[in-house]
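One-letter residues, chain by chain:
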Amino acid sequence: MPTNGIHQVLKIQFGLINEEDRYLTAESFGFKVNASASSLKRKQIWVLEQGGQSSAVFFRSHLGRYLEADQDGKVSCEAEKPGRDARFLIVTHSDGRWALQSEPYRRFFGGSEDHLSCFSPTITPAELWTVHLAIHPQANLLSISRRRYAHLCPQEDEIATDSNIPWGVDALITLIFLNKQYCLKTCDSRYLRNDGKLVWEPEPRARYTLEFKAGKLAFKDCDDRYLAPMGPTGTLKAGRSSKPSKDELFDLEESHPQVVFLGSNGRYVSIRQGINVSANQDEELDHETFQMQIDRETKKCIFHSNTGDYWTLVTHGGIQSIATQVAAKTMFEIEWRGRRIALKASNGRYICTKKNGHLAAISDFIGEDEEFIIKLINRPILVLRGNDGFVCHHRNSNLLDTNRSVYDVFHISFSDGAYQIRGRGGKFWYIASNGNVCSDGERSEDFFFEFRERGRVAIRGKNGKYLRGASSGMLKADGDSLACATLWEY
């Protein structure tokens, strides 16, 4: 099946935390590094690059500059291209923390605050760093050895690794960062324990240390064994291996939004009966689910079916799921209309639901037949990240922070084109009279999701305003237009 960029491995971005709980920071001026920040923001994000065929790696900062250590142990982050002094070896400690060793000079990198150097001949606590992933934590998990995707298997009460494509809500995996370790959370909010069982609490046996090998991820449990797919269905659990081989390695891939459409006739859009895209089904299963990709340049949408084909405009305005390559005719423009949407095809006409249920781009104006309900199905649990950080409950009030390096997981439900968002204790989000978004509501309040950019959603409140990350770090419903501060990774 052609991928057309569908299966995109996430670029692993992370922060490094020292023994004093401070993050390694690349300053914007002077190309200096320090360990003085208490949270993970842009300056604290690093990208790991492989140094050719050797085990050496490079650390690239948010400025695109490379971490270097000279023969005297002096550390800087000025180099635009990685040279000899930028080559480091990662020595993994038994608890999963990293020691960074200069490859040419064999000294270790560490220290505190402004006093960082790479001159220690041995590893002490000051030279150990905890890895904190900076990517959005909701993704699809691909086994490198089996080339199959992990998914919740409710019948067997396990995570199986036997799916050819990451389809439906069961393929969503959320990584939870807890006490400097990671848990794997399923779409029904359970955690994977190392014996393969799913449990409701993040107990010690459901926590894993991340390790990297050749750009791939491995998950090490409390007994120093690694998660691997086992048996015919690839049941995910800790095996016998104490070193990560190909069987224990995984990729994290971008989890694209998957949606269902409800036509004006009250039936689900489907390809169950063939290649024609038609609103003719009464239940939402795989054939009624479509993966939505948003083109970065045009912001138009591409809809991908579970058969591997794209929606495309055909003669006489028909819509069929037959295209194998992205082209102008496979791109559709979404117009957001509160609880409903309209879809415009490449011929400039709106898609309507005909009397026989078939979809056709033949309308010049939007009426009832041209409106659809769109529902996101693969984010029952929601993590939002804005420009300044993740959305999280405020420590001492009912407000929501938008600038945190840790994240809270929220639950969403759907009703008649709108979403309801629940947080701690099952309480609902609502908009106060001053525009603040609060999280202690007893009753549900409607929010409207608009998928405006690839990987980003705009959320509109009942007051017609977009949710915005304010400069104060609070979440407010006062955005009048689309901007960086009103778009959220989800």
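Residues numbered from 1 in each chain as written. Predicted model: local features only at pLDDT ≥ 70, side-chain atom pairs only at ≥ 80, totals over all residues. Heavy atoms only, no water.

An unreviewed UniProt entry annotates the chain as Fascin originating from Vombatus ursinus. In its Sequence similarities (unreviewed entry) section, the UniProt entry covering the chain states "Belongs to the fascin family." (UniProt positions renumbered as here; feature names shortened; annotations may be inferred.)

(A) Molecular detail of the UniProt feature "domain: Fascin-like" (unreviewed entry) in the chain. Here the UniProt-annotated "domain: Fascin-like" (unreviewed entry) positions come out as residues 21–131, 140–252, 265–373 and 388–490. Helix makes up 0% of residues 140–252 and strand 45%, with an end-to-end C-alpha separation of 6 Å. Across residues 388–490 one finds 0% helix and 50% strand; the C-alpha atoms that close the span lie 14 Å apart. (Helix = DSSP H or I, 4+ residues; strand = E, 2+ residues; numbered from the N terminus.)

(B) Examining a negative patch on the surface more closely. A cluster of like negative charges, contributed by Glu19, Glu20, Glu113 and Asp114, occupies part of the molecular surface. Among the secondary structure elements, Glu113 is positioned in the loop between strand S10 (108–112) and strand S11 (115–120). Given the relative accessible area of 45%, Glu113 is considered partly exposed. (Patch = residues over 30% accessible without salt bridge, like charges linked within 9 Å, V, L, I, M, F, W, Y side chains within 5 Å. Areas by Shrake-Rupley, 256 points an atom, 1.4 Å probe, with all protein chains shown as cover. Salt bridge = Lys/Arg side-chain N within 4 Å of Asp/Glu carboxyl O. Lys, Arg positive; Asp, Glu negative; His and termini not counted. Charge placed at Lys NZ, Arg CZ, Asp CG, Glu CD. Buried < 20%, exposed > 50% of the residue type's maximum accessible area, 1.4 Å probe, protein only.)

(C) The arrangement of the domain arrangement of the chain in detail. Here the domain parsing of the chain yields domain 1 (13–133), domain 2 (138–254), domain 3 (258–376) and domain 4 (381–489). Computed over C-alpha atoms only, the centres of domain 1 and domain 4 are separated by 35 Å. (Domains from an automatic or database assignment.)

(D) Layout of the pattern of salt bridges. What the rule picks out here adds up to 34 salt bridges. Asp480 is paired through a salt bridge with Lys465; the nearest N and O atoms lie 2.3 Å apart. Here Asp480 is found in the loop between strand S47 (475–479) and strand S48 (488–489), whereas its partner Lys465 is found in the loop between strand S45 (456–460) and strand S46 (466–469), with 15 residues between them in sequence. Relative accessible area serves as the criterion here: at 59%, Asp480 is assigned to the exposed category. We classify Lys465 as partly exposed; its relative accessible area is 30%. Through salt bridges that share partners, Arg193, Asp195, Glu203 and Arg205 make up one connected network.

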